Amino acid sequence: MNLKYGLEDRPPLKENLIFGLQWLAVTIPAVIILGKVLGSMEGSMAAEILYMQKLFAVMAVSLLIQIWWGHRLPLVIGPATVLLIGILASQTSSSAAIYSSILICGLILSILAVSGLFAYLRQLFTPRVVAVILLLVAFTMLPTILKLISSSSGQMSSASHLGFALVFIILMFMGQRWLTGLWKATLILWAMIFGSLAYFLINPGWAKGVDATSVPFLGGFFQQLTTGIVIDPGLLIAFLLCFLGLAINDLGSIQAVGSVLQADEMPKRITQGITSTGLGNVLAGFMGVIGPVNFSFSPGVIASTGCAARTTLIPAGIIMLALAFTPRILFYLSFIPGVVIGCVLLFIMCTQVAAGLAAAFSAIKQPYFDYALPIGLPILIGIMVAFMPAEVLAAFPAAVRPILGNGFVMGVLVALLLEHMIFSNSKG
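All values reported here derive from a predicted model rather than from experimental measurement. (Residues numbered from 1 in each chain as written. Predicted model: local features only at pLDDT ≥ 70, side-chain atom pairs only at ≥ 80, totals over all residues. Heavy atoms only, no water.)

### Thoughts on the overall build of the chain
For clarity, the cut-off: A run of H or I in DSSP counts as a helix once it spans at least four residues, and a run of E counts as a strand once it spans at least two, with each numbered from the N terminus. Within these notes, the globule rule equals 2.2 Å times the number of residues to the 0.38 power, and the radius of gyration is based on C-alpha atoms. We call a residue buried when its accessible area falls under 20% of the maximum for its residue type, exposed when it is over 50%, and partly exposed in between, using a 1.4 Å probe and counting protein chains only. Whether two residues touch is decided by their heavy atoms; if any such pair falls within 4.5 Å, the residues are in contact.
Counting secondary structure elements, the chain contains 20 helices and 2 strands. Relative to the 2.2 N^0.38 estimate, which gives 22 Å for 428 residues, the radius of gyration of the chain is 21 Å and therefore close to what a compact globule would have. Counting only C-alpha atoms, the chain reaches 60 × 55 × 50 Å along its principal axes. Taking all 428 residues of the chain together, the buried fraction comes to 54%. Within the chain, contacts between residues separated by at least 24 positions form 85% of all contacts whose residues are at least 6 apart in sequence.

### Quick word on the packing of aromatic side chains
Rules: Only Phe, Tyr and Trp rings take part, Trp by its six-membered ring, and two of them pair if their centres are within 6.5 Å. Stacked means planes under 30 degrees apart, edge-to-face means over 60, and tilted covers everything else.
Within the structure shown, the criterion is met by 11 aromatic pairs. An angle of 80° between the planes, with centres 6.2 Å apart, marks the rings of tyrosine 5 and phenylalanine 19 as edge-to-face. Of this pair, tyrosine 5 sits in the segment before α1 (13-39) while phenylalanine 19 sits in helix α1, placing them 14 residues apart in sequence. The same class applies to tyrosine 5 as to phenylalanine 19, namely buried. When the centroid spacing of 5.6 Å and the interplanar angle of 75° are considered together, the rings of phenylalanine 164 and tyrosine 199 count as edge-to-face. Residue phenylalanine 164 is found in helix α8 (residues 158-178), and its partner tyrosine 199 is found in helix α10 (residues 187-202); the two are separated by 35 residues along the sequence. The pair phenylalanine 164 / tyrosine 199 is uniform in exposure class, with both members buried. Taken together, the ring pairs connect Phe200, Phe331, Tyr332 and Phe335 into an aromatic cluster.

### Focus: the nonpolar core
For the record, the criterion: Here, nonpolar core means buried Ala, Val, Leu, Ile, Met, Phe, Trp, Tyr and Cys residues that are tied together by side-chain atoms lying within 4.5 Å of each other.
In this structure, Phe56, Leu83, Ile290 and Phe408 are the most contacted members of the largest nonpolar core, which totals 131 residues. When residues in this core are grouped by element, the largest group, 15 residues, is from helix α11 (residues 233-261). If we skip the residues at most four places from it in the chain, isoleucine 290 touches Leu34, Leu38, Tyr51, Leu55, Met59, Pro79, Ala80, Leu83, Leu84, Ile87, Tyr99 and Ala284.

### Side note on helix α3 (residues 81-88)
Counting buried positions over the 8 residues of α3 gives 7, a clear majority of the element. Within α3 the residues assigned to the buried category are Thr81, Val82, Leu83, Leu84, Ile85, Gly86 and Ile87.

### Describing the packing of helix α7 (residues 142-150) against helix α16 (residues 338-362)
Note the following rule: Think of each axis as a best-fit line through the C-alpha atoms, taken over the contacting stretch in the case of a helix, with angles from 0 to 180 degrees between the N-to-C directions. Whether a crossing is left-handed or right-handed is set by the direction in which the near helix is turned from the far one by less than a right angle, anticlockwise for left-handed and clockwise for right-handed. In this count, Pro and Cys sit with the nonpolar residues alongside Ala, Val, Leu, Ile, Met, Phe, Trp and Tyr, while Asp, Glu, Lys and Arg are called charged and the others, Gly among them, polar.
Running from amino to carboxyl end, α7 crosses α16 at an angle of 145°, the nearest separation of the two axes being 7 Å. Relative to α16, α7 is oriented so that their crossing is left-handed. Along its contact with α7, which presents Ile145, Leu148 and Ile149, the element α16 presents Gly338, Val339, Ile341, Gly342, Cys343, Leu345, Leu346 and Met349. Here the contact of α7 with α16 is built from residues that sort into 9 nonpolar, 2 polar and no charged.

### Here's the deal with the pattern of salt bridges
Basically, it comes down to this: Here, a salt bridge means any side-chain nitrogen of Lys or Arg that lies within 4 Å of a carboxyl oxygen of Asp or Glu.
All told, the structure shown has 5 salt bridges when counted by the stated rule. Measuring nitrogen to oxygen at the nearest pair gives 3.2 Å for the salt bridge that ties glutamate 8 to arginine 310. Of this pair, glutamate 8 sits in the segment before α1 while arginine 310 sits in the loop between α13 (298-305) and α14 (313-323); the two residues are 302 residues apart in sequence, bridging distant segments of the chain. The exposure class assigned to glutamate 8 is partly exposed, which follows from its relative accessible area of 44%. The salt bridge partner of aspartate 264 is arginine 269, with a shortest N-O separation of 2.9 Å. Residue classification places arginine 269 among the buried residues on the basis of a relative accessible area of 1%.

### Observations concerning the layout of surface pockets
To be explicit about the condition: The method works on a 1 Å grid over the protein atoms by themselves. A cavity is a set of points holding a 1.4 Å probe that cannot get out, a pocket is an open set with protein on both sides within 12 Å along at least five of seven lines, and residues with an atom within 4 Å of a point line them. Grid points are joined across faces, edges and corners, and a volume is the space filled by probe spheres set on the points.
Counted as a void, the largest pocket has a volume near 1,300 Å³. Around the largest pocket, the lining is made up of 47 residues, and of these Phe295, Ser296, Phe297, Thr351 and Gln352 lie nearest the centre. Among the elements that make up the lining of the largest pocket, the one with the highest residue count is α11 (9 residues). When its residues are assigned to classes, the lining of the largest pocket shows 30 nonpolar, 15 polar and 2 charged. Empty space within the second largest pocket amounts to approximately 910 Å³. Taken together, 38 residues line the second largest pocket, and the ones lying closest to its centre are Met41, Leu88, Pro143, Thr144 and Lys147. Tallying contributions element by element places α7 first for the lining of the second largest pocket, with 4 residues.

### Description of the side chain of serine 90
Within the secondary structure, serine 90 is located in the loop between α3 and α4 (95-115). According to the relative accessible area criterion, serine 90 is buried, its value standing at 1%. Leaving out residues up to four positions away in the same chain, serine 90 has contacts with Ile98, Leu235 and Phe239.

### Topic: unusual backbone geometry
You will see that arginine 72, though not glycine, has its phi angle at about 55°, which is positive. Here arginine 72 is to be found in the loop between α2 (45-68) and β1 (77-79). We classify arginine 72 as buried; its relative accessible area is 13%. Its identity as a non-glycine residue notwithstanding, glutamate 265 has a phi of 50°, on the positive side. Structurally, the position occupied by glutamate 265 is in the loop between α11 and α12 (266-287). Exposure remark for glutamate 265: the relative accessible area of 45% places this residue in the partly exposed category.

### Observations concerning the environment of isoleucine 422
Here isoleucine 422 lies in helix α20 (residues 407-422). Taking C-alpha positions, isoleucine 422 is 21 Å from glycine 407, a pair spaced 15 residues apart along the chain.

### Considering the environment of tryptophan 68
Its location among the elements puts tryptophan 68 in helix α2. The spatial distance from the C-alpha of tryptophan 68 to the C-alpha of threonine 311 is 8.7 Å, given a sequence separation of 243 residues. When neighbours within four sequence positions are excluded, tryptophan 68 is seen to be in contact with Arg310 and Ile314.

These results come straight from atomic positions and should not be treated as a statement about function.
Right, here's the structure in full:
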């Protein structure tokens, strides 16, 4: 890769700021999208904005820790989709129990990384299991995406929303196909902007009655913190399995960027990077928001800008931290129609499916049918559980409901059972 600035270079202040703004444009969309999905469940606009403030603060602090002490690589950080699945599947549990579980699991991940035990845990993640995890993240998000895309709003019916979504998602794929460089790297940002503008033009009644003057321009966010640990054993087990998926995602992202840049001391970078990710999730659990993970699309940004200097992410982290104290700006940034959020999530999940299929195909062995068979059952079980009616879920005992009612968790459990017990001696 032909780079203007290497990993440890320090560009001039002006260029460093420009590169930092480019990283910010890549980082913000995921924070806004997942923050909007979870924040809208808080019950009021004030609670939603508070959630966004805390989420921006957690992502900013996690990013700065990674750059200064963690993996020390130019890696984008954002909310972990796999934890979004865990939170959405645990709505029958209290917020205190959910975010206590994230805090505890983050601490466990850091301990495993520091102690070296994570290396032994990695043996569970064969290519087939990794493929199942990546695919399950996408497929178990479908109920949430469908609800966002199909819900009527303003003067538009559900059918009109579906038509808008179909055109919008096709345009996003056209952009993915023909855009290049930084335009392609920031496609999601432009999709959010132009998709929202298009929606306002065809459905102006959607924003009727919304008043931003009630939102203060400046404000703190140290409210509704997890000050008391609430342990729900079933929920904790469910999130531990979610954190297995998070850890694999994190490891793959660090390895990918380290390999592209041929970075030195990679074992140390991996250990410190995963430890920092765990600590970031401890902070997220304390703040009462979804936890962070390193994203894998950083090499594309590096290639398009020609800059791999890790210091260029510092301005992005500082700006995100400043945004956490400006609730009115966050209100305008997050003022996005649900159908646009659903389409962007669908596009992101398509990239997740592509990653899962690539993981499966890269290690496929003969006979192909026998190799692929243990992938099919976990995926189908995960989808069935994700679409399970609420009345069926309510019939499960409360102690095991967080496990049996979580499509991702059930899929991973079945995948591990097939891989390491039933098909352990097969050629696949």
